[in-house]
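# Residue-level structure breakdown
Residues per chain, in single letters:
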Amino acid sequence: MHKSLRIAAVTAACALAGGALYGAGAATADQSTANSTHEPYNIGQLVKDIDTYYGTHADANGVYQASEDSPYAEDLADIDAAAMRYIDKAARKAHHHGEKPAVVFDIDDTLLLSLDYEKRYNYTYNSTTWADYVNKADRPAVFGSPDLVRYAESKGVEVFYNSGLSEAQRTAAVANLKKIGADVNLDTDHMFLKDKANPPAYLSDCATPGTWTCTTVQYKSGTREHIEDDLGYEIIANFGDQYSDLEGGYADRTYKLPNPTYFVS
């Protein structure tokens, strides 16, 4: 997964905190600051706001976790409840019309929470440390995500995964999803990962063997187009924590999960 502009994703985080983007720590009567009206939001305060939102705490093993009574958990519960109501209705309608309904899930911070990585590496990305972290296959679930995956399956909806993880990380991704209880359709026909060495033909506009120029939107929307046009499914819902997971069409409805820790363009 290529992650960019991690801590610089200030706008979303400030909205969560309800704070102003500019003027953090503005001058008082006996204190001056240069150009304070254009001073960005203070990083230290931003991290505190993110921790408050997640209810961040270290468990007995020193692993950073989100709290089940946090604003983050509450937001996820609202999204999941609305998504379940919609999936039930949309699935019945699709089956009535002889269609094959499907849902598509991103993986990182949509199904598997990487808050511990963000905290340990101060919201910065390094491909080596990230690969090591993923390959441990020990990330906790994003609250409610296993239930949502199983719920879709119970309604006769085909579950697909559309992730920025690499093909080399497939084994770890499958093991981790099984560990959290999202053990649904974890085969290569349903889990789409980036294979830059041998990209699929349906991405030929931006990827050929050994040459990958696909943006996140091109890769993910191209995969959804393949699911609909080549595999014959109707994607009734698409879930992701990044707008780039959701843009580009080929889904009847999209669900943006909260993530104030990084931004993928």
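About the cut-offs
Residues numbered from 1 in each chain as written. Predicted model: local features only at pLDDT ≥ 70, side-chain atom pairs only at ≥ 80, totals over all residues. Heavy atoms only, no water. Helix = DSSP H or I, 4+ residues; strand = E, 2+ residues; numbered from the N terminus. Buried < 20%, exposed > 50% of the residue type's maximum accessible area, 1.4 Å probe, protein only. Contact = heavy atoms within 4.5 Å. Core = buried A, V, L, I, M, F, W, Y, C linked by side-chain atoms within 4.5 Å. Axes fitted to C-alpha atoms, helices over the stretch in contact; angles between N-to-C directions. Parallel < 35°, antiparallel > 145°, perpendicular 65-115°, else oblique. Nonpolar A, V, L, I, M, F, W, Y, C, P; charged D, E, K, R; others polar. 1 Å grid on protein atoms, 1.4 Å probe; cavity = no way out; pocket = protein on both sides within 12 Å on 5 of 7 lines; lining within 4 Å. Points joined across faces, edges and corners; volume = space filled by probe spheres on them. Salt bridge = Lys/Arg side-chain N within 4 Å of Asp/Glu carboxyl O.

Moving on: the overall build of the protein. For the protein, the helix and strand inventory stands at 9 helices and 9 strands. Looking at the protein as a whole, 47% of its 265 residues are labelled buried. The long-range share in the protein, meaning contacts at least 24 apart out of those at least 6 apart in sequence, stands at 66%.

Moving on, we come to the nonpolar core. By size, the foremost hydrophobic cluster in this structure holds 51 residues, and its most contacted members are Val103, Tyr161, Leu177 and Phe239. The element that contributes the greatest number of residues to this core is helix α3 (residues 71-96), accounting for 8 residues. Beyond its immediate chain neighbours, meaning those up to four positions away, Val103 contacts Ile87, Ala152, Val157, Glu158, Val159, Phe160, Ile236, Ala237 and Phe239. In terms of nonpolar packing, the next biggest core, distinct from the first, is built from 13 residues, Trp212, Tyr219, Ile227 and Ile235 among them.

As a further point, take the packing of α3 against helix α6 (residues 145-154). Contact geometry for α3 and α6: axes closest at 10 Å, N-to-C directions at 5 degrees. The pairing of α3 with α6 is recorded here as roughly parallel in orientation. Facing α3, whose interface residues are Asp80, Ala83, Met84, Ile87 and Asp88, α6 presents Ser145, Asp147, Leu148, Tyr151 and Ala152. Tallied by class, the residues present in the contact of α3 with α6 amount to 6 nonpolar, 1 polar and 3 charged.

For the largest pocket, the calculated volume is near 340 Å³. Its residues assigned to classes, the lining of the largest pocket shows 5 nonpolar, 3 polar and 8 charged.

Here we come to the pattern of salt bridges. Overall, the coordinates contain 10 salt bridges when judged by the stated rule. The salt bridge partner of Lys155 is Asp88, with a shortest N-O separation of 3.3 Å. A residue pair is termed long-range when its members are at least 10 positions apart, and Lys155 in the loop between α6 and β4 (158-166) and Asp88 in helix α3 qualify at 67 residues. Measuring nitrogen to oxygen at the nearest pair gives 2.8 Å for the salt bridge that ties Lys220 to Asp106.

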